[in-house]
Amino acid sequence: MSPFSIRLVASALAASPGASGLSFRAAAGACLAIVNEHAACLSTVADLLAGHVSAGAGQIVVDGVDVTALPPEARPCTLVGWRDPLFAHMSVQANLAFGLRARGMESQAVLARVRGVLALLGLDGLEQARPATLGPEQALRVMLGRALVFEPPVLVLEDVFAPLPAASRRAMRRLVARLVRARGLCVVLLTRAREDALLLGDTIAYMHGMEVLQVGTARDLFERPACDRVATELAMPMP
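Since the model is a prediction, treat every value here as computed from it, not as a measurement.

> Teacher, can you tell me more about the packing of aromatic side chains here?
Scanning the entire structure with this criterion turns up 1 aromatic pair. Between Arg146 and the ring centre of Phe87, over which it is positioned, the NZ or CZ distance is 5.6 Å.

> I'm lost on the state of the cysteines in this one. Help?
Among covalent bonds in proteins, the disulfide is the one between the sulfur atoms of two cysteines. All chains considered together, the criterion is met by 0 disulfides. Cysteine Cys41 remains unbridged, with the sulfur of Cys227 as its closest cysteine sulfur at 16 Å. Residue classification places Cys227 among the partly exposed residues on the basis of a relative accessible area of 26%.

> Looking at this model, I keep getting lost on the sheet that holds strand β3 (residues 30–35). Mind explaining?
Each strand in a sheet pairs with another by means of backbone hydrogen bonds, the pair being arranged parallel or else antiparallel. Spatially, β6-β7-β8-β3-β9-β10 is the arrangement adopted by the 6 strands of the open sheet, whose pairing is mixed. The sheet is open, and its two borders are formed by β6 (77–81) and β10 (211–216), each paired with just one other strand. Across the sheet, the mean angle separating the axes of adjacent strands is 20 degrees when strand polarity is ignored. In this sheet, strand β9 (residues 203–208) lies alongside β3 in parallel orientation, the contact comprising 4 bridges. Considered in β9, the bridge of Ala33 is made with Ile204. Contacts between helix α4 (residues 136–148) and the sheet are confined to β6 and β7 (154–158), with β6 contributing the most and set at about 165 degrees to the helix.

> Explain the sheet that holds strand β4 (residues 57–62) here, please?
The 4 strands are arranged β2-β1-β4-β5 in an open sheet whose pairing can be described as antiparallel. Only two strands of the sheet have a single neighbouring strand rather than two, namely β2 (22–27) and β5 (65–66). In the sheet, β4 pairs with β5 via 2 bridges, with the strands oriented antiparallel. For Val61, the partnering residue across the bridge sits in β5 and is Asp66. Set on the sheet, helix α1 (residues 39–50) makes contact with β1 (6–14), β2 and β4; between it and β1 the angle comes to about 120 degrees.

Calculation criteria
- Residues numbered from 1 in each chain as written.
- Predicted model: local features only at pLDDT ≥ 70, side-chain atom pairs only at ≥ 80, totals over all residues.
- Heavy atoms only, no water.
- Phe/Tyr/Trp six-rings, centres within 6.5 Å; stacked < 30°, edge-to-face > 60°.
- Lys NZ or Arg CZ within 6 Å of the ring centre and 35° of its normal.
- Disulfide = S-S within 2.5 Å.
- Buried < 20%, exposed > 50% of the residue type's maximum accessible area, 1.4 Å probe, protein only.
- Pairing = 2+ DSSP bridges.
- Helix = DSSP H or I, 4+ residues; strand = E, 2+ residues; numbered from the N terminus.
- Axes fitted to C-alpha atoms, helices over the stretch in contact; angles between N-to-C directions.
- Contact = heavy atoms within 4.5 Å.

Pasting the structure below:
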């Protein structure tokens, strides 16, 4: 990983003083997959990065700027996850436009940005649909769109593939991979599924509880596991 492409650096990051600190890096045009079998641990990492939980220790740096103390609305790490559902009373287009309008963007600029993202995500024709009429894959595409309209420096995906059926899961993994490469996105994928991490992660951080056991490529983890837990859990059959 070139040092010039590094976008996100988390150093000894913890939710409370004295807790084990997490350290990892993520690059532009690449996906860092963080694997943990516990959803609560993934949510904590997501909230630390997005600013919904204040860091009790450590530092978050994005593009060379310390953002650890910034509130969520000013944080360059945008979180996508099922804990933050779409606005049920708004159309797809309105869901994407809401945040831009709230920040004072001019109407024509909002419309152009939203249309571009809708086309990028294959949502043409669903502009006026309401969330209740969408399937899980379509809903996830809209959730991604709601984040991408802000052109975030770092996109944090919290176990977003978990509720999808197998075919939709494969389609969304392919979509995210294309977006990472085509748009130079810096993506942090937080997932309980080793398959998602192994297929999408350029780099993988393997966690147990709130401790990172090893960071490396899939080949590193398989061929040079840092401990017995990494070796044993990677060798287990995937569900």
